[in-house]
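# Structural features, examined
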Amino acid sequence: MKRLFTSRNFSYWKIRLLVFLSVVGPGIITGTADNDAGGVATYSVAGAHFGYSMLWILILITFMLYVTQEMGMRLGVVTGKGLGDLIREKFGLRSAVFVIALVFIANFSNILADVAGVASVADIYHIPRLIFVPIFSIVIWLVIVRGSFNFVQNIFLTSCILFFCYIINGIISRPDIPLMIKGSLVPVLPMNREYIFTATALIGTTLTVWGQFFVQSYFVDKGIEKKHLRSARLDVLFGAFWTDLVAYFIIISCAATLWVNHVRIENALDAAMALGPLLGEFAKHLFAWGLLNASLLGVCVISMGTAYALTEVLGTERKVNASYSEAPLFYSIIGFCLFTCTLLVLIPNLPMIFILTASQALNTMILPFIFFVLLKLINDKKLMGMHTNGPITNFIAWLTIGSFTLISFLMLYLTFFKA
Amino acid sequence: MVLFSEMFASELIGVRVVDRLQETIGHVKDIIITLGETFPRITGLLVTLAGDKPENKVILIGEIDLVGKQFIATQGTKDRIAMTSPREGEVLLLRDVIDQQIVDLDGARVIRVNDLKLAKMDQDIRLIAADVGMRGILRRLGLEKIINLVVGLFSRKVPDQLIGWDHVQGLSDGKVAVPSKTITDLHPADVAHIISQVQINKRAEIFSTLSDKTAAEALHELEPMLAAVLIANLDIKKSLNILEKMPVDEVADILGDIPPERSEELLRLMRVRRAAQVRELLKHKDETAGGLMTTEFITIPLNLTVEQVILRLRETAPDAETIYYLYVLDETERLVGILTLRKLIISPPDKEIADVMIKEVITISPEMNQREVASVISKYNLLAIPVVDAENKMLGIVTVDDVMDFILPPISRRKRQKLG
């Protein structure tokens, strides 16, 4: 992209747009969409229920996030193909269908979480879910079918406001600095069910299945060349940093306000109170607005990503910008996800915060499969040539797979056998 | 002579191979074809031998008597069959063709192979079609019967989507398909569509197989960014040849988007007059009339007759993009009128140009914004509009295709741009 800046007849606004887009690169886009409703809820619960004690996990998985995203980026740049394409071509149809089924489950639960996020917003204002959620779903459907990307961009920018508020709020809420440093650096892993469950959710909301597919197809679509690997790597690094910076401050905000007062998060209104030090009474409104935006962005990005990955693997239709009649499967998948999730969320007395975190934990359980496939592909000499993984990257990747598998089993064990 | 009816490749994989005494030899692992013909011939089967240590061996098609879905029988007995070891460089259907992408030349789209259809032609079993539909996927997952049953309840059918092997072109490195026509024969807009769908490193490859003229037209259909990247990556000689075939305004658009060193180099190697025109155009801002216009147009002096003009057109055979309008200049090179091709043809040969031309010329200045240009062109239903300076001297023309994107309704515009 860089070379465009030096060309002669580039007008002012184009340069400005390019600067904006290169700063708000895939890093920030994934980062922001990563902190969707499920993300905000999980980080809030982590901070409110466990104080600063989960910060070390966040710092550890930031490295893992960078390593896995970088692998996805490299795979995309070198092969010029999406993850779904590669799985189909290298492992055959059956394995591809198996992987894609897992992806579908993970993504579906994420979409469900985001629609649940909408329901929580309805709860904050005491609007009946039965009215608010369906309207919202219809709006999203229209946005996707019409492809109104200006609208998506605006949503995207508004959710950023919420995240900046969290960062400022985290600073002025006077966190307990010694405890914060201790929590960030000293690993503790109490064997109680709730801690492990929340930790699993924390992992699954930071590293996501859809994020892995998204980062790769983003770099493929952008047509980044091999010689720009270095700057693409920086972009990924920046994105990982930004995602977790926001997460870090959400946790701190909740720890410094809710945890110290022993407030437990039972619904979205509780979570909103964490923004009190910065916004006072207004916290509720900003949180609701931010959550709504985060949900909208999450549903758009994830449902489209799912449909794209599915059609990519099945190879039936490859056009994302086609109309309904040209790509019926593509739109049917999105429609199905939206419709079913809306119905599910409308079940009365559904505990929203639980759905939000459980969906993220499910993500963690599926991630090892995806990373395993990713690792197989990226160490394929025929495919990657000189760009296969180095020993350190391989080590971190295997460590990621191992630890995620372990914590998933631990969570299942504690949930079902130690209840 | 082998017994065979129509079959899909996936139905052959895993089938038991027996000898004439019904003794098991092994199971089919893959199917070997030879390339070079329109419908590639199946030359052998890669078989995983039954036994303690599974080994892969090739059984040539000549040894085989019968091919069916239940079993495959050889002519001889087990110990008398000639088997060879698999060689490097053989093309295997399951490994190299199925699940890969091909270009469907009739539909002008890039699509994935779900299954392959084999059939007997004369004496040989040949690969005749690619299954690219849902049905192929279901068949390979072993779900075809069940789903057909379910769908049958609603008296529907899962449609077959087969593309004849003579209508596809492979994207992998081996020449898997020898189509009756190639990408090169497609309409440039379709070529552009295909190029925008395949992965980046394949783009330049396909592009370099095109004739310069097709390449130039395809380039015009592509998104500007994509076009610039392509030109920047081709070798200098090929890109010069392609640019030579393009109207100057498009050349300027592309050169404005590629690295300055590269565009400077290309400009230096271009014909001097053309390079000067391009440089002139590069001075104007992209989104103004000046940035859109081309400097290739046809002018005629005021004092000729209709017949003289037609004669002169024939003699000089101008290669300008638009010849539907002829621009009439006076002795001081100022624009005084426009002559349409239609008017020129239907007017009596001995009439003076000044008598048949349109004198009320609609012109625009080079600084006019592209949206305004579009609205002027669409308001007066023009094919092209002259751009003039303050002294009414002609600088160039903006043709309707350059502002098409602002005239078309948003939907078709989006389709056009995204689809390439």
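Cut-offs used in this document
- Residues numbered from 1 in each chain as written.
- Chains lettered and ligands numbered in written order.
- Predicted model: local features only at pLDDT ≥ 70, side-chain atom pairs only at ≥ 80, totals over all residues.
- Helix = DSSP H or I, 4+ residues; strand = E, 2+ residues; numbered from the N terminus.
- Rg over C-alpha atoms; globule rule 2.2 N^0.38 Å.
- Buried ≥ 20, exposed ≤ 12 C-beta atoms within 10 Å, placed from the backbone.
- Contact = placed C-beta atoms within 7 Å.
- Pairing = 2+ DSSP bridges.
- Axes fitted to C-alpha atoms, helices over the stretch in contact; angles between N-to-C directions.
- Parallel < 35°, antiparallel > 145°, perpendicular 65-115°, else oblique.
- Nonpolar A, V, L, I, M, F, W, Y, C, P; charged D, E, K, R; others polar.
- Core = buried A, V, L, I, M, F, W, Y, C linked by C-beta atoms within 7 Å.
- Left-handed = near helix turned anticlockwise from the far one by under 90°.
- pLDDT = per-residue confidence, 0-100.

In this section: the overall build of chain B. From N to C terminus, chain B includes 19 helices and 20 strands. Relative to the compact-globule value of 22 Å for 420 residues, chain B shows a C-alpha radius of gyration of 31 Å, a clear excess of over 25%. Projected onto the principal axes, the alpha-carbon positions of chain B cover approximately 100 × 55 × 40 Å. A total of 420 residues make up chain B; the buried ones form 35% of that total. If you take every contact in chain B between residues at least 6 apart in sequence, the share linking residues at least 24 apart comes to 61%.

So, on to the overall build of chain A. Secondary structure summary: chain A contains 18 helices and zero strands in total. The 419 residues of chain A split such that 51% are buried.

Residue and element names in this part refer to chain B. The three strands lie next to each other as E16-E17-E18, forming an open sheet whose pairing is mixed. Each edge of the sheet is formed by a strand with only one pairing partner; in this case those strands are strand E16 (299-301) and strand E18 (335-340). Here the average twist between neighbouring strands, direction ignored, is 35°. As defined by bridge partners, E16 adjoins strand E17 (residues 325-329) across three bridges and the pair is classed as parallel. Among the inter-strand pairings, Pro301 is bridged to a residue of E17, identified as Leu329.

Take the sheet that holds strand E15 (residues 168-170) of chain B next. Residues and elements named next belong to chain B. Spatially, three strands are ordered E11-E10-E15 in an open sheet, and the strand pairing comes out antiparallel. The open sheet has two free edges, formed respectively by strand E11 (109-112) and E15, since each of these has just one partner strand. Each strand axis lies, on average, 35° off the axis of its neighbour in the sheet, ignoring direction. Where strand E10 (residues 101-104) lies against E11, four bridges are found, and the strand directions are antiparallel. Paired with Gln101 across the bridge in E11 is Arg112.

Residues and elements named next belong to chain A. Orientation of helix H6 (residues 129-146) relative to helix H15 (residues 328-345), taken along the N-to-C sense of each, is 170°, at an axis distance of 10 Å. By the angle class used here, H6 and H15 are roughly antiparallel. Contacts between H6 and H15 involve Arg129, Val133, Pro134, Ser137, Ile140, Trp141, Ile144 and Val145 from the former and Tyr331, Ile334, Gly335, Leu338, Thr342 and Val345 from the latter. A breakdown of the residues in the contact of H6 with H15 according to their chemical character gives 10 nonpolar, three polar and one charged.

Next up on the list: the nonpolar core. The biggest cluster of nonpolar side chains holds 132 residues, and the ones touching the most others in it are Met54, Leu58, Val115, Ala116, Ile250, Ile251 and Leu291 of chain A. The contact partners of Ala116 of chain A, leaving out residues within four places of it in the chain, are Ala37, Val345, Met352, Ile355 and Leu356 of chain A. One finds Ile163, Leu230, Met246 and Ile258 of chain B within the second-largest nonpolar core, a separate group that totals 68 residues.

Moving on to the pairing of strand E20 (residues 394-399) of chain B. Residues and elements named next belong to chain B. Here E20 lies mainly inside the structure; five of its six residues are buried. Sheet topology places strand E19 (residues 384-388) next to E20; five bridges connect them, and they run antiparallel. Of the residues in E20, the one forming a bridge with Val387 is Gly396. Count of turn residues in the E19/E20 antiparallel hairpin: five residues, of which Asn392 carries a positive phi of about 65°.

Residues and elements named next belong to chain A. Among the secondary structure elements, Pro175 is positioned in the loop between helix H7 (149-172) and helix H8 (177-185). Taking the C-alpha atoms as reference points, Pro175 and Cys254, 79 residues apart in sequence, are found 9.5 Å from one another. With near-sequence residues (within four places) excluded, Pro175 lies in contact with Gly170, Met180, Ile252, Ala255 and Ala256.

With that settled, consider the packing of helix H4 (residues 55-79) of chain A against helix H18 (residues 391-417) of chain A. Residue and element names in this part refer to chain A. Viewed as axis vectors pointing N to C, H4 and H18 meet at an angle of 115°, and their least axial separation amounts to 10 Å. The angle between H4 and H18 places the two elements in the roughly perpendicular class. As for how H4 packs across H18, the hand of that crossing is left-handed. For the pair formed by H4 and H18, the contact residues are Phe63, Met64, Val67, Thr68 and Met71 on the first element and Thr393, Ile396, Ala397 and Thr400 on the second. Among the residues forming the contact of H4 with H18, the class breakdown is six nonpolar, three polar and no charged.

Turning our eyes to something else, we now look at the environment of Leu414 of chain A. Residue and element names in this part refer to chain A. Note that Leu414 resides in helix H18. The class for Leu414 is partly exposed, based on 18 C-beta atoms found within 10 Å. Here the alpha-carbon distance between Leu414 and Ile111, two residues 303 residues apart in the chain, equals 26 Å. With near-sequence residues (within four places) excluded, Leu414 lies in contact with Arg193 and Ile196.

Before going further, it helps to spend a moment on the confidence of the model for chain A. Residues and elements named next belong to chain A. Averaged over chain A, the pLDDT score is 82; the fraction of residues at 70 or greater is 86%. Here helix H1 (residues 12-23) stands out as the least confident element of chain A, with mean pLDDT 45; H4 is the most confident, with 92. Scored below 50 in pLDDT, residues 1-23 shows 24 contacts in the model against residues more than four places distant or in partner chains.

Residues and elements named next belong to chain B. Across chain B, the average pLDDT comes to 82, with 93% of residues at or above 70. Model confidence for chain B, summarised as mean pLDDT per element, is weakest for helix H19 (residues 410-418) at 47 and strongest for E19 at 91. In the model, residues 413-420 has pLDDT below 50 throughout and makes 14 contacts with residues more than four positions away in sequence or in other chains. Quick note on the complex model: pTM equals 0.74, ipTM equals 0.70.

What follows is about unusual backbone geometry. Residues and elements named next belong to chain B. Even without glycine at this site, Gln22 takes up a positive phi of about 65°. Tracing the backbone through its elements, the reader meets Gln22 in the loop between strand E2 (16-18) and strand E3 (24-34). If you check the backbone angles, Asn381 has positive phi at about 55° while not being a glycine. Counting through the fold element by element, Asn381 comes out in the loop between helix H17 (370-379) and E19.

Residues and elements named next belong to chain B. Note: strand E4 (residues 41-49) against strand E5 (residues 56-60), five bridges, orientation antiparallel. Considered in E5, the bridge of Thr48 is made with Asn56. Hairpin connection between E4 and E5: a loop of six residues separates the two successive antiparallel strands, and Gly51 in this loop has a positive phi of roughly 140°. Sheet topology places E5 next to strand E8 (residues 83-84); two bridges connect them, and they run antiparallel. By the bridge assignment for E8, Val58 is matched with Thr84.

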